[in-house]
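# Fold and geometry: a report
Spelled out from the first residue to the last, the chains are:
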Amino acid sequence: MEAWAKDQGTRGSLLELYGDPRSEVTKALGMVLDHPGPMSVLGNPRCKRFSLLVHDCKVQAVNIAAAEDDPAGDDRPELSMVEHILEFLTTKKDEL
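What you see is a predicted model, and the numbers here were worked out from it, not measured in a lab.

Conventions and cut-offs
Once a new chain begins, its residue numbering starts again from 1 and follows that chain's sequence as written. Where totals are concerned, whole chains, interfaces and linings use all residues; where local detail is concerned, this predicted model gives features only for residues with pLDDT of at least 70, and gives and counts side-chain atom pairs only at 80 or more. Only heavy atoms go into the side-chain values, all of them from the structure, while hydrogens and water stay out. Here the term cavity refers to a set of points on a 1 Å grid, laid over the protein atoms alone, in which a 1.4 Å probe fits but cannot get out; the term pocket refers to an open set having protein on both sides within 12 Å along at least five of seven lines, with lining residues being those that place an atom within 4 Å of a point. Grid points are joined across faces, edges and corners, and a volume is the space filled by probe spheres set on the points. Here a strand is any run of E in DSSP of at least two residues, a helix any run of H or I of at least four, and the numbering for each starts at the N terminus. Just so you know the grouping, Ala, Val, Leu, Ile, Met, Phe, Trp, Tyr, Cys and Pro go in nonpolar, Asp, Glu, Lys and Arg go in charged, and all remaining residues, Gly too, go in polar. The term salt bridge refers to a side-chain nitrogen of Lys or Arg lying within 4 Å of a carboxyl oxygen of Asp or Glu. For every residue, the accessible area (1.4 Å probe, protein chains only) is compared with the maximum for its type, and the residue is labelled buried under 20%, exposed over 50%, or partly exposed between those bounds. Paired strands are those between which DSSP finds at least two bridges. How sure the predictor is of each residue is captured by pLDDT, a score from 0 to 100.

## Topic: the layout of surface pockets
- Estimates place the volume of the largest pocket at around 1500 Å³.
- Around the largest pocket, the lining is made up of 33 residues, and of these E16, L17, F50, S51 and L52 lie nearest the centre.
- Going through the elements one at a time, α1 (2-8), α2 (24-28), β2 (46-47), β3 (50-55) and α4 (82-92) are the ones with two or more residues in the lining of the largest pocket.
- Counting residues per element, the lining of the largest pocket draws most heavily on β3, at five residues.
- When the residues that make up the lining of the largest pocket are grouped by side-chain class, the tally is 21 nonpolar, six polar and six charged.

## Brief notes about the pattern of salt bridges
- On inspection of all chains with the given rule, the structure shows four salt bridges.
- A salt bridge links E24 to R22; the nearest nitrogen and oxygen atoms lie 3.5 Å apart.
- We note a salt bridge from D74 to R49, for which the minimum N-O separation is 3.3 Å. In this pair, D74 is assigned in the loop between β4 (58-64) and α4 and R49 in the loop between β2 and β3, connecting sequence segments 25 residues apart.
- In this structure R49 comes out as partly exposed when scored by relative accessible area, which is 35%.

## Considering unusual backbone geometry
- The phi angle at S23 is positive, at roughly 60°, despite the residue not being glycine.
- By secondary structure assignment, the location of S23 is in the loop between α1 and α2.
- Positive phi values are uncommon outside glycine, yet D56 reaches one of about 50°.
- Looking at where D56 falls in the secondary structure, it is placed in the loop between β3 and β4.

## Quick notes on the pairing of β4
- Both β3 and β4 contribute to a ladder of six bridges, which runs antiparallel. Bridge pairing in β4 places V54 opposite V59.
- Hairpin remark: β3 followed by β4, antiparallel, with two residues in the connecting loop; positive phi at D56, about 50°.

## Structural notes on the environment of S23
- Residue classification places S23 among the buried residues on the basis of a relative accessible area of 19%.
- For the pair S23 and C47, spaced 24 residues apart in sequence, the C-alpha separation works out to 7.6 Å.

## Considering the confidence of the model for the protein chain
- Residue-level pLDDT values for the protein chain average 87, and 100% of them are 70 or greater.
- Within the protein chain, α2 carries the highest mean pLDDT (94), whereas helix α3 (residues 36-42) carries the lowest (78).

Encoded structure:
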């Protein structure tokens, strides 16, 4: 994770990158991607494409890119990307 943080330029920022090699967090959050379509290509269950906005230990927003017609979230990844979180923060900043 250190190499990924360095590569992505997140070291020393407010972002924390975590690995989940046994899918413990993925399962606890209910974010397991186990749809037969993606599984036929990926092989093992993976984590859905999602983002969480957490403030003071409370989840403020959950953004999942998957849809019934796109279980892997490949067609609409922007739903889980940083721009979506920043838009949420801009519109809800007074409520946080």
